[in-house]
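Working through the structure, step by step
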Amino acid sequence: MKFAKGDYVIVAIVLIAACALWLSFPVKKGQNGVATILQNGKIIRQIQLKEINKPETIRLGGTYHNTIIVEKGRIRYQSADCPDKICVHTGWISYVGQSAACLPNKTIIRITGNLDGVDFVSGS
Amino acid sequence: MRRIWGFIIILPLFLLCSCAPQKGQVSFTAMNTVIDITAYGNDAQKILEKEMTPRINQLDSLLTNKISGAPLDRLNSSATGKNVTLPSETVKVLSLSLEYAKKTNGIFDPTIAPIADLWGFGTSAECLPSSEEITKRLPLVNYRNVVISQNQVSFTQKGMKMDLGGIGKGYASDIVSDLLRKKGIKSALFSLGGSSSGVIGKKTDGSLWKIGIKDPDSQANEFIGILSCSDIMISTSGDYEQYFIADGIRYHHILDPKTGFSAKSSLRSATVVCPNGAMADAYSTAVFIMGEKAAFDFCKSQKGVGLILVTQDKRVIVSKALASQFVFKGKDKGYTYEIR
């Protein structure tokens, strides 16, 4: 098989595009405002907060019980039967980088997404 | 021509699969906080799940004073002068905490526990103790009254207690860093509760990690500046992290060992940047309590320690050594910028 002149052009374009894709891959950030609910380190749910149209309640079992409520753009622990209730007192979280956790029940709600050009915010 | 099209489709997939480093990520609760670790390299996910997570959980059990029967609980419940034999790693961190207490002349003091118990920050028992209660317990706070001999630890005064909360997460950061490096990981970002964090190497695209320093006034994760860095540990202590308001006064969790009350600092937050996590953790608490001038005087005497301070009067002050890596972003939020 003989390569035509046009074929070399196509191969060159693809090589350039592939390299560009490869270079951009490691810094690609998550979509803005995704709430991830974890328990014992395992992801239970991932929710695009901006796409919530009506409030949803999520119940988690375990050593204790957590009730999480999610609304458009925000999420919180609504109630819990853990001893300290710090998770409930944290209130609503809505910004990328924020998190709430019920340490006794080993559950975490975390909002991930683009942190405005940084990889992490110290002191958050 | 058909082969060309096959080549066109397969090449990008091949490049992506063969060149992108494997990403591993874990988020879990331990050490009374949320731990997040992201690492890039061979078997990164397996290392994080099978080795790192159990190691941090082990550290948690060795350093906590919240669980009955844990090493620190046994020490804290011991009679005066009685030697308590503790696991070697618990003793190692206790010794380290005493070393930093000595270096800061007791401004960081791990024997603050009897006073911290009265305040109950971060627990359901959070309250404003009376001055009498604090005065009564204040003599119990003195790191010089802890005696360590090999794996045996004792207190010289009745009622003393130790809390490694001011150094434990920083020490754990060092463990995370060491373990990942030993496993050949060359790029990683980890955070233990948001206050203690660190990075290994650079990002996988070869650029420096970008760490935002939180704006103390912001409910969201807005920041007053960005530090570009690699292979470094960072710890931030701020009066906005755990606090309550009683009788119109704001009480925060950074307690001054000299008074037993929330430190009356000229600062809103203190960020320490240095190669050692335990040091960064202990020093961020200490320099917050010291305040602006003493903080810079102290850090100038410590090799390789950089500071980013946010003051009550909305100034952001950065060590000269860090200035070339720092981009100030606080102007729109009413902050001014100084290099010292």
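Our subject is the structure listed above.
Description of the structure in this document. (Residues numbered from 1 in each chain as written. Chains lettered and ligands numbered in written order. Predicted model: local features only at pLDDT ≥ 70, side-chain atom pairs only at ≥ 80, totals over all residues. Heavy atoms only, no water.)

1. Quick look at the overall build of chain A
On a plain count of helices and strands, chain A comes out with two helices and eight strands. When the helices and strands of chain A are listed from N to C terminus, the series reads α-β-β-β-β-β-α-β-β-β. Taking contacts inside chain A between residues at least 6 apart in sequence as the whole, the part at least 24 apart equals 33%. (Helix = DSSP H or I, 4+ residues; strand = E, 2+ residues; numbered from the N terminus. Contact = heavy atoms within 4.5 Å.)

2. A short note on the environment of R45 of chain A
Here R45 of chain A lies in strand β2 (residues 42-48). A distance of 3.0 Å separates polar atoms of two side chains, one belonging to R45 of chain A and the other to E56 of chain A. (Polar contact = N/O pair within 3.5 Å; in protein donor to acceptor, adjacent residues only side chain to side chain.)

3. As for unusual backbone geometry
If a residue is not glycine, its phi is most likely negative; likewise, a peptide bond is most likely trans. With a phi angle near 55 degrees, K106 of chain A is a residue other than glycine that sits in the positive phi range. Within the secondary structure layout, K106 of chain A lies in the loop between β6 (99-102) and β7 (107-112).

4. Regarding the packing of helix α8 (residues 277-290) of chain B against helix α9 (residues 292-300) of chain B
Residues and elements named next belong to chain B. Look at α8 against α9: their axes get within 6 Å of each other, and the N-to-C directions meet at 135 degrees. The angle between the axes of α8 and α9 places the two elements in the oblique class. For the pair α8 and α9, contact is made by Y283, V287 and M290 and by E292, A294, A295, F298 and C299, respectively. Residue composition of the contact of α8 with α9, grouped by class: seven nonpolar, no polar and one charged. (Axes fitted to C-alpha atoms, helices over the stretch in contact; angles between N-to-C directions. Parallel < 35°, antiparallel > 145°, perpendicular 65-115°, else oblique. Nonpolar A, V, L, I, M, F, W, Y, C, P; charged D, E, K, R; others polar.)

5. Notes on the packing of aromatic side chains
Residues and elements named next belong to chain B. Scanning the model with the defined rule gives ten aromatic pairs over all chains in all. Centroid distance W119 to F244: 6.2 Å. Interplanar angle 40 degrees. Geometry classified as tilted. Remark: F244 occurs in strand β11 (residues 243-246) and W119 occurs in helix α5 (residues 113-119); sequence separation between them is 125 residues. Across the pair, exposure class does not vary: W119 and F244 are buried alike. Geometrically, the ring pair formed by Y283 and F298 is edge-to-face, given 4.9 Å between the ring centres and 80 degrees between the ring planes. (Phe/Tyr/Trp six-rings, centres within 6.5 Å; stacked < 30°, edge-to-face > 60°. Buried < 20%, exposed > 50% of the residue type's maximum accessible area, 1.4 Å probe, protein only.)

6. Topic: the sheet that holds strand β15 (residues 315-318) of chain B
Residue and element names in this part refer to chain B. Across the sheet, which stays open at both edges, the nine strands sit in the order β1-β2-β6-β7-β10-β13-β14-β15-β17 with mixed pairing between neighbours. The outermost strands of the open sheet, each flanked by one partner alone, are β1 (23-30) and β17 (336-339). Neighbour-to-neighbour, the strand axes of the sheet open up by a mean angle of 10 degrees, direction not taken into account. Looking at chain direction, β1 and strand β2 (residues 33-40) are connected through eight bridges and run antiparallel. Bridging across to β2, K23 finds its partner in Y40. (Pairing = 2+ DSSP bridges.)

7. Topic: the side chain of T236 of chain B
Its location among the elements puts T236 of chain B in strand β10 (residues 232-238). There is a polar contact of 2.6 Å between the side chain of T236 of chain B and the side chain of S122 of chain A. With residues up to four places along the chain from it excluded, the contact list for T236 of chain B reads S122 and G123 of chain A together with S195, E241, S269, A270, T271 and S284 of chain B.

8. Quick word on helix α7 (residues 168-182) of chain B
Residues and elements named next belong to chain B. With 15 residues, α7 should cover 21 Å at 1.5 Å per step; its first-to-last C-alpha distance of 21 Å lies within 8% of that length. Burial analysis of α7 places twelve of its 15 residues in the buried class, which makes it a mostly covered element. Two residues or fewer past α7, G184 is found with a positive phi of approximately 90 degrees. (Expected span 1.5 Å × (residues − 1).)

9. Observations regarding the environment of A80 of chain A
Residues and elements named next belong to chain A. Within the secondary structure layout, A80 lies in strand β5 (residues 74-80). With a relative accessible area of 12%, A80 lands in the buried category. For A80 and T67, which are 13 residues apart along the polypeptide, the C-alpha to C-alpha distance reads 6.2 Å. Ignoring anything within four residues of it in the chain, the contact list for A80 reads H65, N66, K85, C87 and V88.

10. So, the pairing of β1 of chain B
Judged by how many residues are buried, β1 of chain B sits mostly within the fold: six of eight residues are covered. Connecting β1 of chain B to the antiparallel partner β2 of chain B that follows it, the hairpin turn spans two residues, and M31 of chain B within it adopts a positive phi of roughly 55 degrees.

11. Considering the pairing of β2 of chain B
All names here are of chain B. Counted residue by residue, β2 has eight buried out of eight residues, so it is predominantly covered. Relative to strand β6 (residues 187-192), β2 runs antiparallel, the two sharing six bridges. Bridge pairing in β6 places Y40 opposite S187.

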